Amino acid sequence: FAKNIGQVRQNTTRFRSNLNRMEDGVLRIAHLGSGIFAKEGHAPVFIELQKAGLVETSVCWSRSIESARGLADVYEKGLGTAPDVLAGEEGLETILNRSDISAVTVVLPIYLQAVYSLRAIEAGKHVLSEKPIAASTDEAAAVIGKWKEVSNKVHYCVAENFRFEKAFREAASEVKNVCGAVISASLTAFVPFPEGSKYESTQWRRDSKHLGGVLLDSAVHFMAGLRLVLGAEATEVLSVNSKRTAHMPQVDTFNAILRFGDRFNASASVTYAASSRRFILVVVGTEGEVIVERMGGGYQVTKMRGNEEPFAVTYEFCGVEDEIAAFVRLCLGHDPTDKSDPDLLDPMQGFSDLALIESIMTCHESFVPVKPTPRIS
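Now for a description of the structure that goes with this document. Everything quoted here is computed from the prediction, not taken from an experiment.

1. Comments concerning the sheet that holds strand S5 (residues 126-130)
Phase 1: Spatial ordering of the open sheet is given by S3-S2-S1-S4-S5-S6, a layout of six strands whose pairing is parallel. The open sheet has two edge strands with one neighbour each: strand S3 (84-87) and strand S6 (156-159). Ignoring strand direction, the axes of neighbouring strands in this sheet form an average angle of 25 degrees.
Phase 2: With six bridges connecting them, strand S1 (residues 27-32) and strand S2 (residues 55-62) associate as parallel partners.

Here it is in structure tokens:
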């Protein structure tokens, strides 16, 4: 874990220097949910922001006191002081009623995300909800509808780190500059999810009370990246879904065709049954192509125009750091580091990511038989 904190400190040098130029002001925040990603993803970033004098983690909350203490221990190790520890319904009510706490993060099992986000919004707290926004588009629409009633006072944001990866932002720009009219796109993602691994071992993932199982939990990232890079919205989906592992409770693989109106089509092949990891997105246009490929600790973006030599740039991972920094800036009323940051945090973006996965999970396969090779004597 110390290695993770060191890596985050290295990666956050850029956004930390930007944030230090902000006016005096501290965002006091409570963290709802104390699981793996709250500890290993969010906590190192918030610790750096607290050292910069921009946030103060006031409370770590979980449904169990043991889990909340575990997260508080991470903050104490990084800061020398521990935040308050609260748990259960009584603890949640305390947080929602505290006037000194103006924001919360919601990092809970998928089937609880919408419920707790809504409660915080209704209590007048700014909300940074981890992806996916909800377990269903109906739930997501209900929370967004309630938030719209108070959106002039409360920020409701969805943390989707793929949207904040520098590589995906640059790729989106290059698609416009290099590709010309998009002809097609293809996304391939292999992600190992073996039995007994860190995330697979969490009980709520094994119980899988939400549609799509691991595909909603994780493949929603890929839909976010695809939408950002293409700068377009799919209108129809056809998918063949399958279960290739014994230990996962729901399907773990899909092969989908996405239609973007009458402009172009894209394919997406995703599996969590593989033993190796790979991510590659290829966008082909009338004038060139752009490729985004995961490479070690980041992504390589390659662009080619016509017969020109390919040009590649590698970007380190920065999405989690940058999305949290953007949320802090928004809540403190400061200009965004990038003018697109508020749009990328918009819950409607999270709704559209979820809608794609939901459509892939619920569409009905329609096959046309292929004629067999004739037997000709």
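2. Brief notes about helix H12 (residues 220-230)
Each full turn of the α-helix corresponds to 3.6 residues, which orients residues three or four apart in the same direction.
Phase 1: Buried residues dominate H12, accounting for 10 of its 11 residues.
Phase 2: Of the positions making up H12, those classed as buried are Val220, His221, Phe222, Met223, Ala224, Gly225, Leu226, Arg227, Val229 and Leu230.
Phase 3: Phi for Gly231, located one or two positions after H12, is positive at around 60 degrees.

3. Comments concerning the nonpolar core
As a rule of thumb, nonpolar side chains are buried together in soluble globular proteins.
Phase 1: The biggest cluster of nonpolar side chains holds 76 residues, and the ones touching the most others in it are Leu187, Phe222, Phe254, Val270, Tyr272, Phe279 and Val283.
Phase 2: In terms of residue count, the dominant contributor to this core is H12 (seven residues).
Phase 3: In terms of nonpolar packing, the next biggest core, distinct from the first, is built from 30 residues, Ile47, Ala52, Val107 and Cys157 among them.

4. Re the environment of Glu195
Phase 1: Along the chain, Glu195 turns up in the loop between strand S7 (182-190) and helix H10 (203-207).
Phase 2: Under the relative-accessibility criterion, Glu195 is labelled exposed at 60%.
Phase 3: Between the alpha carbons of Glu195 and Arg277 there is a distance of 16 Å; along the sequence they are 82 residues apart.

5. Let's talk about the sheet that holds S7
Phase 1: Spatially, S8-S9-S10-S7-S11-S12-S13-S14 is the arrangement adopted by the eight strands of the open sheet, whose pairing is mixed. Only two strands of the sheet have a single neighbouring strand rather than two, namely strand S8 (236-242) and strand S14 (311-316). Adjacent strand axes in the sheet meet at a mean angle of 10 degrees, parallel and antiparallel pairs treated alike.
Phase 2: Where S8 meets strand S9 (residues 253-260), seven bridges bridge the pair, whose relative direction is antiparallel. Bridge pairing in S9 links Ser239 to Ala256.
Phase 3: Each of S7, S9, strand S10 (264-271) and strand S11 (278-285) touches H12; the most contacted strand, S11, lies at about 25 degrees to it.
Phase 4: Taken strand by strand, helix H15 (residues 347-362) contacts S8 and S9, and its axis lies near 60 degrees from that of S8.

6. Brief notes about the packing of helix H5 (residues 88-97) against helix H6 (residues 110-122)
Phase 1: The N-to-C vectors of H5 and H6 enclose an angle of 35 degrees; their axes lie 10 Å apart at closest approach. Classified by chirality, the crossing of H6 by H5 is right-handed. Counted together, Glu89, Leu92, Glu93 and Leu96 of H5 and Tyr116, Arg119 and Ala120 of H6 form the full contact between these two elements.
Phase 2: Considering only residue class, the contact of H5 with H6 consists of four nonpolar, no polar and three charged.

7. Details of helix H13 (residues 319-331)
Phase 1: Here H13 contains 13 residues, and its C-alpha end-to-end distance of 18 Å stays within 8% of the 18 Å for a straight helix at 1.5 Å per residue.
Phase 2: Counted residue by residue, H13 has 12 buried out of 13 residues, so it is predominantly covered.
Phase 3: For H13, every residue scored as buried is listed here: Gly319, Val320, Glu321, Asp322, Glu323, Ile324, Ala325, Ala326, Phe327, Val328, Arg329 and Cys331.
Phase 4: At the C-terminal side of H13, Gly333 shows a positive phi close to 80 degrees.

8. Side note on the environment of Ile29
Phase 1: Along the chain, Ile29 falls in strand S1.
Phase 2: Taking the relative accessible area as the measure of exposure, Ile29 reaches 0% and is therefore buried.
Phase 3: Sequence separation of Ile29 and Ile280 is 251 residues, and the distance between their C-alpha atoms is 36 Å.
Phase 4: Other than its neighbours up to four places away in sequence, Ile29 contacts Phe46, Glu56, Thr57, Ser58, Val59, Ile101, Ala103, Val104, Thr105 and Phe327.

Quick notes on the rules
Residues numbered from 1 in each chain as written. Predicted model: local features only at pLDDT ≥ 70, side-chain atom pairs only at ≥ 80, totals over all residues. Heavy atoms only, no water. Pairing = 2+ DSSP bridges. Helix = DSSP H or I, 4+ residues; strand = E, 2+ residues; numbered from the N terminus. Axes fitted to C-alpha atoms, helices over the stretch in contact; angles between N-to-C directions. Buried < 20%, exposed > 50% of the residue type's maximum accessible area, 1.4 Å probe, protein only. Core = buried A, V, L, I, M, F, W, Y, C linked by side-chain atoms within 4.5 Å. Contact = heavy atoms within 4.5 Å. Left-handed = near helix turned anticlockwise from the far one by under 90°. Nonpolar A, V, L, I, M, F, W, Y, C, P; charged D, E, K, R; others polar. Expected span 1.5 Å × (residues − 1).

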